[in-house]
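Read off the chains here:
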Amino acid sequence: MAATEATLDAQKSAPPAAPAGRSPVAAWSLWLARRLGLAALTLWLVSVLVFLATAALGDPVRAILGKEAETSQGRANQIREQLHLDDSLWDRYWHWLGGLLTGDPGTSVANGLPVSELISDRVLNSAVLVAAAAVIIIPVSFGVALLSARLRGRKGDTAIQVVLLTLAGLPEFIVGIVLVAVFSTVVFHALPAVTISAGGEAPWTQPASMILPVLTLVIAVAPYVIRIMRSTLLEVLDSDYVELARLKGVPEKVVLRRHALRNAIVPGIQVIALQLAWLAGGIVIVEYLFSYPGMGASLVDSVRNSDIPMVQVLAMIIAAVYVIVNLVADVLSILFTPRERTAISS
Amino acid sequence: MAAAGAVGVSAVSACGAVPPKPDPAAPQRRGGVLSHGATGGGLKDSLDPHFPVTNPDIARVNNLYEPLLFWDDDYKVAPALATSVRPNKDATQWTIELRDDVVFHHGKSLTAQDVMFTLGRLIDPDAGASAGSQLSVILDLDNSKILDDHTIRLQLTMPYAVLDELLAEYNAGIIPTDFDPRKPVGTGAFKANTFTPGQLSSFLRFEDYWGDPAWVDELIIYDFADDSAKVNALLAGQIQTVDNLPTYLVDSIGAQGSSALVADTGAWIPFTMRVDHGAFADARVREALRLVVDRQQMIDQALNGYGFVGNDLYAPFDPAFAGDLPQRTQDLDKVRSLLKQAGKSDLQVELVTSAGVGSGAVESANLFVDQARQAGIDVRLNKADPNTFYGEQYLQWPFAQDFWYTRNYIPQAAACALPTSPYNETHLNDPEYAATYAKAIGEVEESKRNDLLHRCQEIEYERGGYIVWGFKQQVDGYSNLVQGMTPSKYLPCGGYKFRKVSFVEGA
């Protein structure tokens, strides 16, 4: 469902045939510039919303200090100064936006260190976790979907569907708990249960400790992608031109690979993009469960501490991931759709 | 780090044969990296000796720094950096004698100047260290004197007979005069190595430690936001000790090569009745509500059995504790007759509770409602969110709850039972009580002081506003691959004294 909407979006946003005489490169650049402009506009709107929402939470000094707000005046003044609370909302916003654009997103209220220093490692750690999961999700999804479509109606297909439906119905923390019990604590003691490293190095320096978090994400996301891919494949396999190819005597393998898969790839890209964008904010639970040093845990901690500069930056990063992933998916979708491709460059 | 890997591997290969509980008498072994899983923590994490906020902070502070005296495992004051801390006859001057063999992590020897510097930092009103809140009232630092390199005479602004108890708090650790928060040094058995707020901190054994040095080479303290991640890491052999083990897991971890460490504590979650408000102003009503409570049921259900019964008095480990007063038990007939005498047979009250009070609070409030209903009392439960509960109404609620940790009687009463106390939830303002208390804090002779404190407790027992139904037990966990963890009444995880912990032979 979501995938088809996204495809429609991609189609709508592709401009109608460009005026004749313009070179394909110029047409592409124009299209890309327009999309980038829209992305920037979206992010700007998000920044306004994020800023207003965090500003509307009430007096941050009281939220941060709680019971001590009355007694420790020095600390209260320090926070007021740090957050520029005596300036107008408008000034604060421009000051903040300027800092964000110049790579200086402020200072954490909780411990006084620059936000960029506090989150850069964690954002990278989360990105690596999502990327590692994506590298597995994409081929596995395509492979299982092809197999399932090929076996349509037979016992193998039914079995795959039952397993996928079961897995899709399980929340990721259940999947994670079961995996830990099986591989780390109760049945086997083969893999680390949590992602902790003695020297505080990046988690991928100990690949074994990343296996379970990555596997959890794969199990949380892949069934959904596979199901959408399978139904798209079946739709294509039922179409007239595939029927024609078969009647012409093209072998079934080639039909699947050359005709069906190519046409199913665009919805596949869209659904994977949506899932990856969701993961940017959705890995919080998985990071918690495995004590993974990513940005999800930071976000929860910062919200709890009322650490407004941290919350603002993390919210912006998640929004940016959504916008960028969708942009990339749209570009890929167009490249994989001959009709769209020619519409832009003709 | 190599050692951590080795420990991890051996824990993994031990699969199948679950290690038995270690023999406490077995000889301890040097070496290895001890990993501790601390509950909570985040960007507020700090290495500052005087402002520990989170659980990992408290674990760190206890291994990096040391106060002049220690609370031992039985909650008695024991010598540490000071060999003796003694008052004069009227407890207005205290003489501190320091050990002469103590060295800070950066090589400087401990002297009287360092102690004076530390005390100055503790009582600095701008900083607001929690260990200094009481000290700043009684300490007259300007008139205190350094007698020689290892002797100090502290001048007090008023008689105070238990200064030693204040100097034994873990958040009053002694630091050198050239202390730099970015390169923190103390006198503890471990010195700081790395620190990543919200994630982990690591420490190396301090070879020049004045006492028995640590068995392990390195100590790593990990932050855990999630209880199940913490316990999974323990069971998988990635860490060896955890604080605050969920009590429902005590039995199951026993079958998987780990053990629970259960310690009595003086932590309590009282119901607080305002003695100056409405129906609660009548001592008979207060006594009735105290007799409503089935204390053992509260322990069994609100604390999962990990606690012991209280008698509306706090400070159970204080030598002055009035353990001879008759134990109150549920007596519904007496409740009805007391309420009838008070003319409140159809008593209706509102009890304010909140998850912010901590584990066991909302559960015990629910139980109270049930138990009161048996006596015909209508208790309406108001579950406030933590910000509301500890907001402007805090200390004004007529009938609510609060939480307190282990303290002895004099500091606890200073915090909660006098008109000047910062957290007097019950609004107790009793002239006889205040006068007896004032006499007690200036009484140097212990037996006389304890008699006076006994009188204070009788007053609270008769007409105070607390319902102290029980005290919590602390439950922590450790892997059977380590030994040397002993229960402490003072702090979790055996007082966080990780220098005493070692890996067992063959681990």
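Reading guide: rules and limits
Residues numbered from 1 in each chain as written. Chains lettered and ligands numbered in written order. Predicted model: local features only at pLDDT ≥ 70, side-chain atom pairs only at ≥ 80, totals over all residues. Heavy atoms only, no water. Contact = heavy atoms within 4.5 Å. Buried area = accessible area lost by both parts, 1.4 Å probe. Salt bridge = Lys/Arg side-chain N within 4 Å of Asp/Glu carboxyl O. Polar contact = N/O pair within 3.5 Å; in protein donor to acceptor, adjacent residues only side chain to side chain. Helix = DSSP H or I, 4+ residues; strand = E, 2+ residues; numbered from the N terminus. Pairing = 2+ DSSP bridges. Axes fitted to C-alpha atoms, helices over the stretch in contact; angles between N-to-C directions. Parallel < 35°, antiparallel > 145°, perpendicular 65-115°, else oblique. Left-handed = near helix turned anticlockwise from the far one by under 90°. Core = buried A, V, L, I, M, F, W, Y, C linked by side-chain atoms within 4.5 Å. Buried < 20%, exposed > 50% of the residue type's maximum accessible area, 1.4 Å probe, protein only. Domains from an automatic or database assignment. Right-handed = clockwise from strand over helix to strand, strands pointing away. Nonpolar A, V, L, I, M, F, W, Y, C, P; charged D, E, K, R; others polar. Phe/Tyr/Trp six-rings, centres within 6.5 Å; stacked < 30°, edge-to-face > 60°. Lys NZ or Arg CZ within 6 Å of the ring centre and 35° of its normal. Patch = residues over 30% accessible without salt bridge, like charges linked within 9 Å, V, L, I, M, F, W, Y side chains within 5 Å. Areas by Shrake-Rupley, 256 points an atom, 1.4 Å probe, with all protein chains shown as cover. Lys, Arg positive; Asp, Glu negative; His and termini not counted. Charge placed at Lys NZ, Arg CZ, Asp CG, Glu CD.

### Quick word on the interface of chain B and chain A
Part 1 of the argument: Opposite the 30 residues of chain B that make contact, chain A presents 30 residues.
Part 2 of the argument: Buried area between chain B and chain A, both sides added, is near 2,500 Å², and the carbon and sulfur share of it is 59%.
Part 3 of the argument: It is Leu43, Lys44 and Gln238 of chain B that lose the most area in chain B upon contact with chain A, and together they represent 25% of the buried surface on that side.
Part 4 of the argument: For the pair chain B and chain A, the interface holds zero salt bridges.
Part 5 of the argument: Between the two partners, chain B and chain A, sit four residue pairs in polar contact (both at pLDDT 80 or more).
Part 6 of the argument: When residues of the side of chain B that touches chain A are traced back to their parent elements, those giving at least two are α1 (2-13), β10 (218-224) and α6 (227-235) of chain B.

### Considerations on the sheet that holds strand β5 (residues 93-98) of chain B
Residues and elements named next belong to chain B.
Part 1 of the argument: Within the open sheet, the four strands sit side by side as β4-β5-β7-β6. Their pairing is antiparallel. Bordering the open sheet on either side are β4 (82-87) and β6 (139-148), each of which pairs with just one other strand. When the angles between neighbouring strand axes are averaged without regard to direction, this sheet yields 20°.
Part 2 of the argument: As paired strands, β5 and strand β7 (residues 151-156) are joined by five bridges and run antiparallel to one another. The partner of Ile96 across the bridge, within β7, is Ile152.
Part 3 of the argument: Running over the sheet, helix α3 (residues 112-122) touches β5, β6 and β7 and is turned about 170° from β6.

### A short note on the sheet that holds strand β18 (residues 466-467) of chain B
Residue and element names in this part refer to chain B.
Part 1 of the argument: Ordered in space as β17-β13-β18, the three strands form an open sheet in which the pairing is antiparallel. Pairing within the sheet leaves two strands with one partner each, and these edge strands are β17 (399-401) and β18.
Part 2 of the argument: Where strand β13 (residues 271-273) and β18 come together, two bridges link them in antiparallel fashion. Pairing of Phe271 across the sheet is with Ile467, part of β18.
Part 3 of the argument: Running over the sheet, helix α11 (residues 361-374) touches β13, β17 and β18 and is turned about 145° from β17.

### Re the packing of helix α14 (residues 431-441) of chain B against helix α15 (residues 446-463) of chain B
Residues and elements named next belong to chain B.
Part 1 of the argument: Taken N-terminus to C-terminus, the directions of α14 and α15 make an angle of 160°; their axes are 9 Å apart at the nearest point. Classified by the angle between their axes, α14 and α15 sit roughly antiparallel to one another. Here α14 runs over α15; the crossing is left-handed. Of α15, the residues touching α14 (which contributes Glu432, Tyr433, Thr436, Tyr437, Lys439 and Ala440) are Arg449, Leu452, Leu453, Arg455, Cys456, Ile459, Glu460 and Arg463.

### Structural notes on the nonpolar core
Part 1 of the argument: Ranked by internal contacts, the top residues of the largest apolar core, which has 99 residues, are Leu68, Leu154, Leu163, Tyr314 and Tyr433 of chain B.
Part 2 of the argument: Ranked by the residues each element gives to this core, the list is headed by helix α13 (residues 409-416) of chain B, at six residues.
Part 3 of the argument: Looking at which domains feed residues into this core, each of domain 1 (69-167) and domain 2 (266-471) of chain B supplies at least three.
Part 4 of the argument: For Leu68 of chain B, the contacting residues outside a window of four places in its chain are Pro79, Ala80, Leu81, Ala82, Ile96, Leu98, Val115, Leu167 and Ile174 of chain B.
Part 5 of the argument: Formed by 51 residues, the second largest nonpolar core is a distinct cluster that contains Ala149, Ala193, Val236 and Ala264 of chain A.

### Overview of the side chain of Ser298 of chain A
Part 1 of the argument: If you trace the backbone, Ser298 of chain A turns up in helix α13 (residues 295-304).
Part 2 of the argument: In this structure Ser298 of chain A touches Arg122 and Leu314 of chain A, once residues within four positions along its chain are discounted.

### Remarks on the pairing of strand β16 (residues 378-383) of chain B
Two faces belong to every sheet, and in a regular strand the side chains alternate between them.
Residues and elements named next belong to chain B.
Part 1 of the argument: Across six bridges, the pairing between strand β15 (residues 348-353) and β16 is parallel. The residue bridging Glu350 from the neighbouring strand is Arg380, located in β16.
Part 2 of the argument: Crossover connection from β15 via α11 to parallel β16: handedness right-handed.

### Concerning the pattern of salt bridges
Residue and element names in this part refer to chain B.
Part 1 of the argument: Counting across every chain of the model gives 30 salt bridges over all chains.
Part 2 of the argument: Residues Arg99 and Asp101 are paired through a salt bridge, measuring 3.0 Å at the closest nitrogen-oxygen approach.
Part 3 of the argument: You can call Asp101 partly exposed: its relative accessible area is 34%.
Part 4 of the argument: Within the structure, one salt-bridge network assembled from shared partners comprises Asp430, Glu432, Arg455, Glu458, Glu462 and Arg463.

### Observations regarding the domain arrangement of chain B
Residues and elements named next belong to chain B.
Part 1 of the argument: Domain annotation of chain B identifies domain 1 (69-167) and domain 2 (266-471).
Part 2 of the argument: The centre of domain 1, based on its C-alpha atoms, is set 33 Å off from the matching centre of domain 2.
Part 3 of the argument: Counting residues at the interface gives 15 residues for domain 1 and 13 residues for domain 2.
Part 4 of the argument: Carbon and sulfur atoms make up 64% of the surface buried where domain 1 meets domain 2, a total of about 1,000 Å² over both sides.
Part 5 of the argument: Counting across the interface, domain 1 meets domain 2 through zero salt bridges.
Part 6 of the argument: Counting across the domain 1 and domain 2 interface gives two residue pairs in polar contact (both at pLDDT 80 or more).
Part 7 of the argument: Of the residues that constitute the side of domain 1 that touches domain 2, the class distribution is 10 nonpolar, two polar and three charged.

### Observations regarding the packing of aromatic side chains
Part 1 of the argument: Evaluation of the coordinates by the stated rule reveals 30 aromatic pairs over all chains.
Part 2 of the argument: Seen in terms of ring centroids, Tyr93 of chain A and Trp96 of chain A are 6.1 Å apart; in terms of plane orientation they differ by 50°. Their pairing is tilted. With Tyr93 of chain A and Trp96 of chain A both in helix α5 (residues 89-101), this residue pair falls three residues apart, about one helical turn. As far as burial versus exposure is concerned, Tyr93 of chain A and Trp96 of chain A are alike and both buried.
Part 3 of the argument: Summarising the aromatic geometry, the rings of Phe389 of chain B and Tyr394 of chain B are spaced 6.4 Å apart at their centres and angled 40° between planes, so their arrangement reads as tilted.
Part 4 of the argument: We classify Phe389 of chain B as buried; its relative accessible area is 0%.
Part 5 of the argument: By way of ring pairs, the aromatic residues Trp268, Tyr314, Phe389, Tyr394, Trp397, Trp404, Tyr409, Tyr423 and Tyr466 of chain B are connected into one cluster.
Part 6 of the argument: One cation-aromatic arrangement involves Lys489 of chain B over Phe317 of chain B; the distance from NZ or CZ to the ring centre is 4.7 Å.

### Here we look at the environment of Ala214 of chain B
Residues and elements named next belong to chain B.
Part 1 of the argument: If you trace the backbone, Ala214 turns up in the loop between β9 (200-205) and β10.
Part 2 of the argument: Among the residues examined, Ala214 registers a relative accessible area of 0% and is labelled buried.
Part 3 of the argument: Sequence separation between Ala214 and Glu432 is 218 residues, and the spatial gap between their C-alpha atoms is 50 Å.

### Here's the deal with unusual backbone geometry
The bulk of non-glycine residues show a negative phi, and the bulk of peptide bonds are trans.
Part 1 of the argument: With a phi close to 60°, Tyr75 of chain B is a non-glycine residue in the positive phi region.
Part 2 of the argument: Residue position: Tyr75 of chain B is located in the loop between β2 (69-71) and β3 (77-79).

### Things to note about a nonpolar patch on the surface
Residue and element names in this part refer to chain A.
Part 1 of the argument: Together, Leu38, Leu41, Trp44, Leu45, Trp90 and Trp94 make up a nonpolar patch on the protein surface, roughly 660 Å² of accessible area in all.
Part 2 of the argument: Of all elements in the fold, only α2 (24-55) and α5 reach the threshold of two or more residues within the nonpolar patch.
Part 3 of the argument: The element best represented in the nonpolar patch is α2, accounting for four residues.
Part 4 of the argument: Judged by relative accessible area, which is 40%, Trp94 ranks as partly exposed.

### What about a positive patch on the surface?
All names here are of chain A.
Part 1 of the argument: A cluster of basic residues, Arg150, Arg154, Lys253, Arg257, Arg258 and Arg262, forms a positive patch at the surface.
Part 2 of the argument: Looking at which element gives the most residues to the positive patch, the answer is helix α11 (residues 252-282), with four residues.
Part 3 of the argument: Structurally, Arg257 can be placed in helix α11.

### Considering the side chain of Glu66 of chain B
Residue and element names in this part refer to chain B.
Part 1 of the argument: As for its placement among the helices and strands, Glu66 is situated in the loop between α2 (55-64) and β2.
Part 2 of the argument: Although Glu66 lies buried, it forms no salt bridge, and the closest oppositely charged side chain, Arg499, sits 5.3 Å away as judged by the N-O distance.
Part 3 of the argument: Side-chain polar atoms of Glu66 contact the side chain of Thr187, separated by 2.8 Å.

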